[in-house]
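Observations on the model geometry
Chain by chain, the residues run as shown.
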Amino acid sequence: MNPIYLGVNIDHVATVRNARGTNYPDPVTAAGIAELAGADSITTHLREDRRHITDRDVRIIRETVKTSLNLEMAVTDEILAIAVGIQPQKACFVPERREEVTTEGGLDVIGNMAKIENAIVKLDNVHTVCSLFIDPVKEQIDAAKKVGAPYIEFHTGCYANATSQEQLNHEIQTLREAAEYADSIGLGVNSGHGLNYNNVAAVAAIPQMNELNIGHSIIARAIFTGLPEAVKTMKQIMESARNNSSK
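Our subject in this report is the structure included herewith. All values derive from a computational prediction rather than experimental measurement.

Criteria and thresholds
- Residues numbered from 1 in each chain as written.
- Predicted model: local features only at pLDDT ≥ 70, side-chain atom pairs only at ≥ 80, totals over all residues.
- Heavy atoms only, no water.
- Helix = DSSP H or I, 4+ residues; strand = E, 2+ residues; numbered from the N terminus.
- Rg over C-alpha atoms; globule rule 2.2 N^0.38 Å.
- Buried < 20%, exposed > 50% of the residue type's maximum accessible area, 1.4 Å probe, protein only.
- Phe/Tyr/Trp six-rings, centres within 6.5 Å; stacked < 30°, edge-to-face > 60°.
- Lys NZ or Arg CZ within 6 Å of the ring centre and 35° of its normal.
- Contact = heavy atoms within 4.5 Å.
- Arc of directions from axis to C-beta.
- Polar contact = N/O pair within 3.5 Å; in protein donor to acceptor, adjacent residues only side chain to side chain.
- 1 Å grid on protein atoms, 1.4 Å probe; cavity = no way out; pocket = protein on both sides within 12 Å on 5 of 7 lines; lining within 4 Å.
- Points joined across faces, edges and corners; volume = space filled by probe spheres on them.
- Nonpolar A, V, L, I, M, F, W, Y, C, P; charged D, E, K, R; others polar.
- Axes fitted to C-alpha atoms, helices over the stretch in contact; angles between N-to-C directions.
- Parallel < 35°, antiparallel > 145°, perpendicular 65-115°, else oblique.
- Left-handed = near helix turned anticlockwise from the far one by under 90°.

**Brief notes about the overall build of the protein chain**
When its secondary structure is counted, the protein chain shows eleven helices and eight strands. Against the globule reference of 18 Å for 247 residues, the protein chain gives a C-alpha radius of gyration of 17 Å, in line with a compact fold. With respect to the three principal axes, the spread of C-alpha positions in the protein chain is 45 × 45 × 35 Å. The 247 residues of the protein chain split such that 50% are buried.

This is the structure in structure tokens:
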């Protein structure tokens, strides 16, 4: 049985900090607490508008993280140069629009193959492992393979936003089939977006899933329970789902 890993996204600790322009709560501290509670990696998104995480945050987290830093990033010259300089252990290329509240869909790999391939090569040269945040669509999976990405991360927004059992069943089946296909052509499979304590189990149970990156629901729960409990509970749900799926 393959293990299932949890990447904790700490962006919204910075959202709370920036709401008042203070230096607290500190996302660097949050990263350390999350790791101690069992997070397998720390995810953070350095957006072009720096709406939450800052360059300083990323730099210090990279220096202090004990597991690995997964840097979510748009494929722009500015952010790519920062990533090459910081050399995170992992980077996930995501689409980005200034007006969006959060990432609204997967990366169009097919329409940007040369640009993405060039970015992968640059990060591979500094030993950063890349993944591409894509919708669970065969054509995008094939394109990810062609540009040399070792990993993909499925956008789970359609699954998370399903409003009926029929739609929910359809979306989880789409994720299962996409994960099986990606695995069959040699890609590592991660997932994220909109996953929470109520819906994560079905995704974690998919045997090809390697890591789930979860942020908003964990930080929201931490307001009431504390971050260690929020991280531990999420990981327990994921591991239980994976263990039960193998029986």
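**Notes on the packing of aromatic side chains**
Scanning all chains against the criterion turns up zero aromatic pairs. The ring of Tyr197 carries Arg221 above its face, with NZ or CZ at 4.2 Å from the centroid.

**Focus: the side chain of Asn199**
Tracing the backbone shows Asn199 in the loop between β7 (188-192) and α9 (200-204). Excluding anything up to four places from it in sequence, Asn199 contacts Tyr159, Ala160 and Gly194.

**What to know about unusual backbone geometry**
Each neighbour pair has its own omega, and for Tyr24 with Pro25 the value is -5 degrees, a cis peptide bond. Phi angles above zero are rare outside glycine, and Gln87 is one such case at about 60 degrees. Checked against the element boundaries, Gln87 lands in the loop between α4 (77-86) and β4 (90-93). Judged by relative accessible area, which is 35%, Gln87 ranks as partly exposed. The backbone of His193 shows a phi angle near 115 degrees, a positive value even though the residue is not glycine. Within the element layout of this structure, His193 appears in the loop between β7 and α9.

**Focus on helix α2 (residues 27-36)**
Buried within α2 we find Pro27, Val28, Ala30, Ala31, Ala34 and Glu35. The buried residues of α2 occupy an angular sector of 160 degrees when projected down its axis, which confines them to one face. Capping the start of α2, Asp26 holds a side-chain oxygen 3.1 Å from the backbone nitrogen of Val28, two or three residues further along. Two residues or fewer after α2 comes Gly38, characterised by a positive phi angle close to 120 degrees.

**Here we look at the side chain of Arg17**
Looking at the element boundaries, Arg17 is found in helix α1 (residues 11-20). With residues up to four places along the chain from it excluded, the contact list for Arg17 reads Thr22, Asn23, Tyr24, Pro25, Pro27, His52, Thr54 and Asp57.

**Remarks on the environment of Lys235**
Tracing the chain through its elements places Lys235 in helix α11 (residues 227-245). With 17 residues separating them in the primary sequence, Lys235 and Ile218 have C-alpha atoms 10 Å apart. Each residue touching Lys235, except ones within four places of it in the same chain, is listed here: Leu6, Gly38 and Asp40.

**Here's the deal with the layout of surface pockets**
Quantified by volume, the second largest pocket comes out at close to 220 Å³. If you trace the second largest pocket, you find 14 residues lining it, with His12, Val13, Val16, Pro25 and Ile219 closest to the centre. Going through the elements one at a time, α1, α2 and α10 (216-225) are the ones with two or more residues in the lining of the second largest pocket. Looking at the lining of the second largest pocket, the element that brings in the most residues is α10, giving five residues. Residues of the lining of the second largest pocket, tallied by class, amount to ten nonpolar, three polar and one charged.

**What to know about the packing of α4 against helix α5 (residues 113-124)**
At a minimum axis separation of 9 Å, α4 and α5 run at an interaxial angle of 20 degrees. Here α5 runs roughly parallel to α4, going by the angle between their axes. In this structure, α4 meets α5 at a crossing whose hand is right-handed. Residues Leu80, Ala83 and Val84 of α4 touch α5, and the partners they reach there are Ala119, Lys122 and Leu123. Here the contact of α4 with α5 is composed, by residue class, of five nonpolar, no polar and one charged.

These values are about where atoms sit, not about what they do.
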